[in-house]
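In case you want the letters, here they are:
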Amino acid sequence: GNTSQGLLGIAVAAGTTNTFLTKGYFNTTSYGGTAAVGGALYVGNVAGSVSFQKPIGIGDTVRQIGYCVDSYTSGRTTYYKMYFNPSMEFVVL
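Calculation criteria
Residues numbered from 1 in each chain as written. Predicted model: local features only at pLDDT ≥ 70, side-chain atom pairs only at ≥ 80, totals over all residues. Heavy atoms only, no water. Pairing = 2+ DSSP bridges. Helix = DSSP H or I, 4+ residues; strand = E, 2+ residues; numbered from the N terminus. Patch = residues over 30% accessible without salt bridge, like charges linked within 9 Å, V, L, I, M, F, W, Y side chains within 5 Å. Areas by Shrake-Rupley, 256 points an atom, 1.4 Å probe, with all protein chains shown as cover. Salt bridge = Lys/Arg side-chain N within 4 Å of Asp/Glu carboxyl O. Phe/Tyr/Trp six-rings, centres within 6.5 Å; stacked < 30°, edge-to-face > 60°.

Draft legend 1. Focus on the sheet that holds strand E3 (residues 24-28). On the basis of which strands lie adjacent, the open sheet formed by six strands has the order E3-E9-E8-E5-E6-E4 and mixed pairing. The outermost strands of the open sheet, each flanked by one partner alone, are E3 and strand E4 (31-32). Relative to strand E6 (residues 50-51), E4 runs parallel, the two sharing two bridges. Pairing of Tyr31 across the sheet is with Val50, part of E6.

Draft legend 2. View of a nonpolar patch on the surface. A contiguous nonpolar patch, built from Tyr25, Tyr67 and Val69 and spanning about 320 Å² of accessible area, is present on the exposed surface. On the secondary structure map, Tyr67 appears in strand E8 (residues 64-74).

Draft legend 3. Examining the packing of aromatic side chains more closely. According to the stated counting rule, one finds two aromatic pairs in the structure shown. Seen from their ring centres, Tyr25 and Tyr83 are 5.0 Å apart, and the 45 degrees between their planes marks the pair as tilted. One end of the pair, Tyr25, is in strand E3; the other, Tyr83, is in strand E9 (residues 77-84), with 58 residues separating them in the sequence. Measuring from centroid to centroid gives 5.2 Å for Tyr72 and Tyr79, while their planes differ by 20 degrees, and the two rings are stacked.

Structure representation (structure tokens):
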């Protein structure tokens, strides 16, 4: 389960100096659940994951972190644009 209750960020660059996005737009292919433009996004149950489904396990933290605002396909890959703006509120199941 997840326990994400503090400050959140998404890694957007790795290397000698890591770069994290704490609010803004981000493109990715890795979402859990069924993708939907306009759908809410939550902290996923797998470390570092984002999901369109709310966590349901006992002890999980339900925390909305943004919305999917667009999708596009390049080659065989579908990308989703997320507006990342984590809520400061959460519920522990």
